Every structure is written in C-alpha cells, then in structure tokens.
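Observations on the three-dimensional arrangement
Here is what each chain is made of, one letter per residue.
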Amino acid sequence: MAAAFHNPISRAIRPEDTADTLSRYRRSQKRSKEDYARMVEGFYDLITDFYEYGWGQSFHFAPGKDGVSFEEAIAHHQHLLAEALGLRPGMKVLDIGCGVGGPQRAIASEFGASIAGLNISEYQVGKCSEYNRKAGLDHLCSVLQGDFMAIPADARTFDAAYQIEAIPHAPNKVAVYTEAFRILRPGAIFAGFDWCMTPLYDGDNPKHRELKQRIEYSNALPPIASFTDVTDGLEAVGFELLEARDRAGDDDVERPWYQPLEGGGLTLRSLPRTSLGRKITAAALRILEHVRAVPEGSFEIQALLNVAADSLVAAGRLGIFTPMYFHKARKPE
Ligand SMILES: C[S@@+](CC[C@H](N)C(=O)[O-])C[C@H]1O[C@@H](n2cnc3c(N)ncnc32)[C@H](O)[C@@H]1O
C-alpha cells in the first residue's frame, strides 16, 4: 500500500523553484538534441517522485497477462531480460540509465550478479543508492552518476550490460552503442528494451505525427527511433545482432503494455496511474496549489504526465509505437 500514500510532489527541487524548473524543461525540450542532459535532469527532478507514486521503483512498461498483477508483469519482464543476458553470480553487469534501481535490485537479488547502475540524474542516483542500502544489497548493487554518451568506465570492464527504456533519451543512439561496445569484454551480451515507432507509423499522417511529438515532449525525448535505427545502429558499431523483436507482440501477451494507464481492474494501489486516478490527482493538486499547500507548478507537472499517458495509450492502441523493442547483441570475441 505504500505507493498509494507516497507523496508525489518532487523533493528534488526547492518548492519555490518548481515553476522555474518546469519552464527550463520546456525550453530545453525545444533543443532536445543539444540540450539533452539539462532536459533529462530537469525532467527527472520534476517527475521522479510522481513516477514512484504511480508506478513504483521500476520505471518501465511490461506486457500483461490475465491473472498476473502489474508488479508480477514488471518482474517477469526484468526476469526475461536477465535470462537473455545469461546472468550468473560473479558477473559484473552495467545497468545503463538505471532510474532509482528497481530493476537492478530485482535482477541482482534473483541472479546474484553484481550490477552497477549508471544514471545522469543526481537526484535518482541518491535515491537508488539509499534504496540499495536499505534493501541490504550494497554487496551486489552500486550506482554511479554519469552520462551514457561517455560512460565513466574503462574498456572491457563488464561481462554484460543492459538498458531498460533509457536509451530513448539519447540524442544519438550510435554514440551510446559505441560506449556499450567499448566497456564490454569480448563475447559479452548487451540487451534491452527501447522505445520505437513501429512500421505502422506513417510520417505523412498528421495524427501519427502529433502523437509522436506529444510523446517526445512529455517524456524528455529527442525524436523517437525506428526498429532499423536500433538494429542498424548496433551493427554499425560492431555488435553481432542476435535478436530483435517487438515484445509487445509476443505470444504470451494478453493485455497490452498501456493498459495500466487506462484503468480497468481498479484498486487503491493502481488508482494513481489510471485515467481516473490521474484526473483525481490533478484536481486535488489544483486545489492544493491554490491554497499554497503544494508548490506552484505541481498541477502543471501532473498535466505533463497526463499528456504522456494519454499520448502513449493512443499511440499504443494504433500500434504505431512500442516501449519494448527488444534487442540483444554480442560483442564478437
Ligand atoms: C524511463 S527511465 C528508466 C529507468 C530504469 N531503467 C528503470 O527501468 O527503472 C530512463 C532513465 O535513463 C536515465 N538517463 C537518461 N539519459 C541519460 C544519460 N544521458 N546518461 C545516463 N542516464 C540517462 C534517466 O535519468 C532515467 O533514470
């Protein structure tokens, strides 16, 4: 039940700076390629606590199945990734763009590998480190602040690396793949889930274009990639591509990834992430902001997240977007 009562108002910024941080985020979004670091840090300063409130400590989607809870679906998605990497005790692994470390802790606990998280957001690094310590996982989980465009690690340091919905933030995917290739030892696997427009996306369709832009704007993203941007990019830097497919279309998927944002099966815990819950939160924040019980800008942050949720659901229903394009590649021996 903790998530339902978690305070969503960001503690990364001083209350009086909330509105300014939001305007700075908006300005940096217009220059998303050049200003990516400022945009991403500002965005996660604003929304990290909201995400935890509505989603938990793993900031990614997962395909659903009847009779499987949201939390179980998230855990299963992480499990499949760790299996694809062939993780074992003693392996040194890099989690590229680790959030507050939900996946890192789950995977390290289950597979016994040592996982270093990398994250550009100072606020999230602090939270991740605290959660690792509280979970008693300091012996397996560590976290470092840094940019995945220039990973602060020596060449051939890691036995495996993964990314879960982090590289969509990269202004240049090939640059991150180059870095992933560099820090892996020969023979090691790099795998992950990326956000992509699917082949059903039609750049000449104004509705499609609008949805793509709304997803980018509300999630601190540069232009969203296509499947071939991922596969060609991996091969271009020297990886041997072993597998690439949209996990949203897998056989065991009975409930679409965007369903948790729509509602259905409402519980107190799931309420904050549904359409109804988001409307209630927005109304409450508007009142609280008016009586100065929450910082100015809180309502607008929630509004930004509503744009994100609504555009993701709409693009998901049309099948033009996926947040789980699975890629698995090996650095040749
Ligand atoms: C959608 S969250 C996913 C977090 C985590 N993988 C998870 O599944 O919980 C994206 C993450 O990528 C991180 N990120 C974005 N750009 C980055 C960069 N240039 N270098 C390192 N981390 C970055 C963000 O700070 C955030 O933690």
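Numbering of residues starts from 1 in each chain and follows the order in which that chain's sequence is written. Confidence filtering applies because this is a predicted model: local features only for residues at pLDDT of at least 70, side-chain atom pairs given and counted only at 80 or more, and all residues used for totals across whole chains, interfaces and linings.

Regarding the overall build of the protein
Strands are runs of DSSP state E lasting at least 2 residues, helices are runs of H or I lasting at least 4, and numbering of each runs from the N terminus. For the protein, the helix and strand inventory stands at twelve helices and eight strands. In this treatment the radius of gyration is a C-alpha quantity, and the globule benchmark scales as 2.2 Å times the residue count to the 0.38 power. Its C-alpha radius of gyration of 19 Å places the protein within 12% of the 20 Å reference for a compact globule of 333 residues. Each of the three principal axes of the protein carries a C-alpha extent, and together these read 60 × 50 × 45 Å. Counting other C-beta atoms within 10 Å of a residue's C-beta gives its exposure: the residue is buried at 20 or more, exposed at 12 or fewer, and partly exposed in between, where C-beta atoms are placed from the backbone. Relative to its full complement of 333 residues, the protein shows a buried share of 46%. Note that contacts rest on C-beta atoms placed from the backbone: two residues are in contact if these are within 7 Å. Restricting to contacts in the protein with at least 6 residues of sequence separation, those with at least 24 account for 75%.

Some points on the environment of Gly 112
Looking at the element boundaries, Gly 112 is found in the loop between α5 (102–111) and β2 (114–119). Separated by 22 residues in sequence, Gly 112 and Gly 90 have C-alpha atoms that sit 7.1 Å apart.

Side note on the packing of helix α2 (residues 18–29) against helix α3 (residues 36–55)
Running from amino to carboxyl end, α2 crosses α3 at an angle of 145 degrees, the nearest separation of the two axes being 9 Å. You can see that α2 and α3 cross each other, and the crossing is left-handed. Counted together, Thr 21, Leu 22, Arg 24, Tyr 25, Ser 28 and Gln 29 of α2 and Arg 38, Met 39, Gly 42, Phe 43, Asp 45 and Leu 46 of α3 form the full contact between these two elements. Note on residue categories: nonpolar means Ala, Val, Leu, Ile, Met, Phe, Trp, Tyr, Cys or Pro, charged means Asp, Glu, Lys or Arg, and polar means any other residue, Gly included. Here the residues of the contact of α2 with α3 sort into five nonpolar, four polar and three charged. Comment: axis = line fitted to C-alpha atoms, over the contacting stretch for helices; angle = value between 0 and 180 degrees taken between N-to-C directions. Left-handed describes a crossing in which the near helix is turned anticlockwise from the far one by less than a right angle; the clockwise case is right-handed.

Brief notes about α2
An expected span of 1.5 Å times one less than the residue number is assigned to each helix. Spanning twelve residues, α2 covers 17 Å between terminal C-alpha atoms, matching the ideal 16 Å at 1.5 Å per step. On its buried face, α2 is in contact with α3, α8 (206–218) and α12 (298–318).

With respect to the site of the ligand
In this text, near has one meaning. A residue is near a molecule or strand if its C-beta atom, placed using the backbone, is within 6 Å of it. The local shell around the ligand holds 22 residues, among which Gly 97, Gly 99, Ile 120, Ala 166 and His 169 are the closest. Taken together, the elements giving at least two residues each to the shell around the ligand come down to α3, α5 and β2. Looking at the shell around the ligand residue by residue, the classes come out as eleven nonpolar, nine polar and two charged.

Quick notes on the environment of Leu 137
By the element assignment, Leu 137 lies in the loop between α6 (122–134) and β3 (141–145). According to the C-beta neighbour criterion, Leu 137 is partly exposed, with 17 such atoms within 10 Å. Separated by 29 residues in the primary sequence, Leu 137 and Ala 108 place their C-alpha atoms 8.2 Å from one another. Not counting chain neighbours up to four residues away, the residues in contact with Leu 137 comprise Arg 105, Ala 108, Ser 109 and Asn 132.

Looking at the environment of Lys 30
Within the secondary structure layout, Lys 30 lies in the loop between α2 and α3. It is 8.5 Å that separates the C-alpha atoms of Lys 30 and Tyr 217, two residues lying 187 residues apart in sequence.

Things to note about the nonpolar core
Any set of buried Ala, Val, Leu, Ile, Met, Phe, Trp, Tyr and Cys residues joined through C-beta atoms within 7 Å is what this text calls a nonpolar core. Counting residues in each nonpolar core, the largest one holds 83 residues, and the members touching the most others are Ala 160 and Ala 161. When neighbours within four sequence positions are excluded, Ala 160 is seen to be in contact with Leu 85, Leu 87, Met 91, Val 93, Ala 188 and Ile 189.

Some words on α5
Counting buried residues along α5, seven of its ten residues qualify, which places the element largely inside the surrounding structure. The complete set of buried residues in α5 reads Gly 102, Pro 103, Gln 104, Arg 105, Ile 107, Ala 108 and Phe 111. Looking at the buried residues of α5, the elements they touch are α4 (70–85), β1 (92–96), β2, α6, β3 and β4 (158–164). Positioned one or two residues after α5, Gly 112 has a phi angle of 75 degrees, which is positive.

Looking at the pairing of β1
Looking along a regular strand, one sees the side chains alternate between the two faces of the sheet. Most of β1 is tucked away: four of the five residues are buried. Once the chain exits β1 it traverses α5 before rejoining the sheet at β2, and the crossover so formed is right-handed. DSSP calls a pair of strands paired once it identifies at least 2 bridges connecting them. Summarising the sheet, β1 and β4 pair through three bridges and their orientation is parallel. Residue pairing in the sheet places Leu 94 in a bridge with Ala 161 of β4. Orient the strands so they point away from the viewer; a crossover is then right-handed if the path from the first strand over the helix to the second runs clockwise.

Some points on the confidence of the model for the protein
Confidence along the protein averages 89 in pLDDT terms, with 93% of residues attaining 70 or more. Note on scores: pLDDT gives the predictor's confidence for each residue, bounded by 0 and 100. Predicted confidence for residues 1–7 stays below pLDDT 50, and this span has twelve contacts to residues more than four positions away or in other chains.

Some details on the pairing of β3
Note that β2 and β3 share five bridges and pair parallel. Bridging from a neighbouring strand, Asn 119 pairs with Gln 145 of β3. In this view, the connection linking β2 to its parallel neighbour β3 by way of α6 has right-handed handedness.

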